[in-house]
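These are the residues of each chain, in order.
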Amino acid sequence: MPELPEVETTRRGIFPHLISTKIIDVIVRDRRLRWPVPAKLGAALKGQYVEAIDRRAKYLLFRFQQGCMILHLGMSGSLRLLAADTPVEKHDHIDFVLENHQCLRFRDPRRFGSVHWTKADPYRHKLLDGLGPEPLNEEFNAEYLAGKAAHRKVAIKNFIMNSHVVVGVGNIYASEALFLAGIHPARAAGRISKLRLSRLVSAIKQVLTDAIAAGGTTLRDFTGGDGKPGYFKQELNVYNRTSEPCPSCGAVIRQASLGQRSTFYCPHCQR
DNA sequence: CCGGACGCCTGTCGGC
DNA sequence: TGCCGACAGGCGTCCG
């Protein structure tokens, strides 16, 4: 499910309700996520107050006075703030019970999500160390991307989905950004002019910013922390629009497979 | 180092 | 209606 806008939407939805709130219990119903939920998680969190919720790439960082919980939503994960007595449903794997009769509930049908606990700097954690820049930061710019792309033969779509190049760009927004930039998704990354890479940087920033403003993209069942869906789906130009007319030129949108993932593009606008 | 394939899971959808 | 394969928004790991 979640790409950067959905993770950010989740963060913005939950943090106002969690800041300075005490975790009084942690109920783990199924530890079998992508990696096992740490056995010590409950003991580590109980009695601690949430000091901040940050985001790095698609990871949510729950900051406590003594340590940090790193949480990834994987492909199908969600976090919702609920009344503590809300009946549990299938795939509700973890409850973080709060002092105000509320609970933060983690649901993840496919169990590709994960939860980690560290007392050290989370940015030094194995999963976060070495990640590329945040796409909305200034350090992600044309000079940076051109330097990274030099001599690379990989398809530009795979390239921008590589978290060592830039984080947070998943399958939906990669297709959308390449459409906005007018670049064919299969073009070799090292064979794109700096001017066009510059346009791609702008397109990535724009599509992610717009998607965050719309509350993310709800394709199937994504909802933010408040249970509301995202509305960016209405603004998608090519994703999931195979055989429909290109909104810009009217040509038929094509679907192809690139790096085991579906890719959507306009054969006329994207070169 | 690079590029590509694989696998972890469950749910859904389309075709027969 | 039921079965079965393909596919789904991620990403660490392994192999050549």
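Conventions and cut-offs
- Residues numbered from 1 in each chain as written.
- Chains lettered and ligands numbered in written order.
- Predicted model: local features only at pLDDT ≥ 70, side-chain atom pairs only at ≥ 80, totals over all residues.
- Heavy atoms only, no water.
- Helix = DSSP H or I, 4+ residues; strand = E, 2+ residues; numbered from the N terminus.
- Buried < 20%, exposed > 50% of the residue type's maximum accessible area, 1.4 Å probe, protein only.
- Near = heavy atom within 4 Å.
- Polar contact = N/O pair within 3.5 Å; in protein donor to acceptor, adjacent residues only side chain to side chain.
- Nonpolar A, V, L, I, M, F, W, Y, C, P; charged D, E, K, R; others polar.
- Pairing = 2+ DSSP bridges.
- Contact = heavy atoms within 4.5 Å.
- Axes fitted to C-alpha atoms, helices over the stretch in contact; angles between N-to-C directions.
- Left-handed = near helix turned anticlockwise from the far one by under 90°.

Asker: Even after reading the chapter, I still don't get the side chain of R80, so can you show me in this structure?
Answerer: Its location among the elements puts R80 in strand 5 (residues 78-83). What makes R80 buried here is its relative accessible area of 18%.

Asker: What's the story with the protein's contact with DNA strand B in this structure? I'm lost.
Answerer: Around DNA strand B, the structure places R34, K90, H91, P109, R110, R111, F112, R152, K153, V154 and Q260. At 2.4 Å from a phosphate oxygen of DNA strand B is found a side-chain nitrogen or oxygen belonging to R152. Within the backbone of K153, an N or O atom sits 2.9 Å from a phosphate oxygen of DNA strand B. Of the residues belonging to the surface near DNA strand B, the class tally is three nonpolar, two polar and six charged.

Asker: Mind showing me how you'd approach the pairing of strand 6 (residues 92-98) here?
Answerer: Walk down a regular strand and you will see the side chains alternate between the two sheet faces. Judged by how many residues are buried, strand 6 sits mostly within the fold: seven of seven residues are covered. Here five bridges tie strand 1 (residues 23-28) to strand 6, and the two strands are oriented antiparallel to one another. Each residue of the ladder has a partner; that of D25, found in strand 6, is V97. Looking at chain direction, strand 6 and strand 7 (residues 102-107) are connected through five bridges and run antiparallel. Within the sheet, the bridge partner assigned to I94 lies in strand 7 and is F106. Between strand 6 and strand 7, which pair antiparallel in sequence order, lie three residues; one of them, H101, sits at a positive phi of approximately 65°.

Asker: I would appreciate a short explanation of helix 5 (residues 171-181) in the present structure.
Answerer: At 3.6 residues per turn, the α-helix brings residues three or four places apart onto the same side. The buried count for helix 5 comes to ten of eleven residues, which makes it a mostly enclosed element. Buried residues of helix 5: N171, I172, Y173, A174, S175, E176, A177, L178, F179 and A181, and no others. Those residues of helix 5 hidden inside the fold are in contact with helix 1 (4-18), helix 4 (156-160), helix 6 (194-213) and strand 10 (261-265). Where helix 5 terminates, the next one or two residues include G182, which has phi positive at roughly 70°.

Asker: Looking at this structure, I do not really get the sheet that holds strand 3 (residues 59-64). What am I missing?
Answerer: Pairing between the strands of a sheet is mediated by backbone hydrogen bonds and can be parallel or antiparallel. The strand order across the open sheet built from four strands is 2-3-4-8, with neighbouring strands paired in antiparallel fashion. The outermost strands of the open sheet, each flanked by one partner alone, are strand 2 (50-56) and strand 8 (114-118). For this sheet the average axis-to-axis angle between neighbouring strands, irrespective of direction, equals 20°. Pairing of strand 4 (residues 67-72) with strand 8, which is carried by five bridges, proceeds in the antiparallel orientation. When the sheet's bridge partners are listed, I70 is paired in strand 8 with H116.

Asker: I would appreciate a short explanation of the packing of helix 1 against helix 6 in the present structure.
Answerer: Between two packed helices, the angle of one axis relative to the other and the distance separating the axes together describe the packing. Packing of helix 1 against helix 6 leaves a shortest axis separation of 9 Å and a crossing angle of 35°. In this structure, helix 1 crosses over helix 6, and the sense of that crossing is right-handed. Mapping the contact onto sequence places L4, P5, E8, T9 and R12 in helix 1 and L208, A211 and I212 in helix 6. Among the residues forming the contact of helix 1 with helix 6, the class breakdown is five nonpolar, one polar and two charged.

So, to be careful, I would describe these as geometric facts and stop short of saying anything about function.
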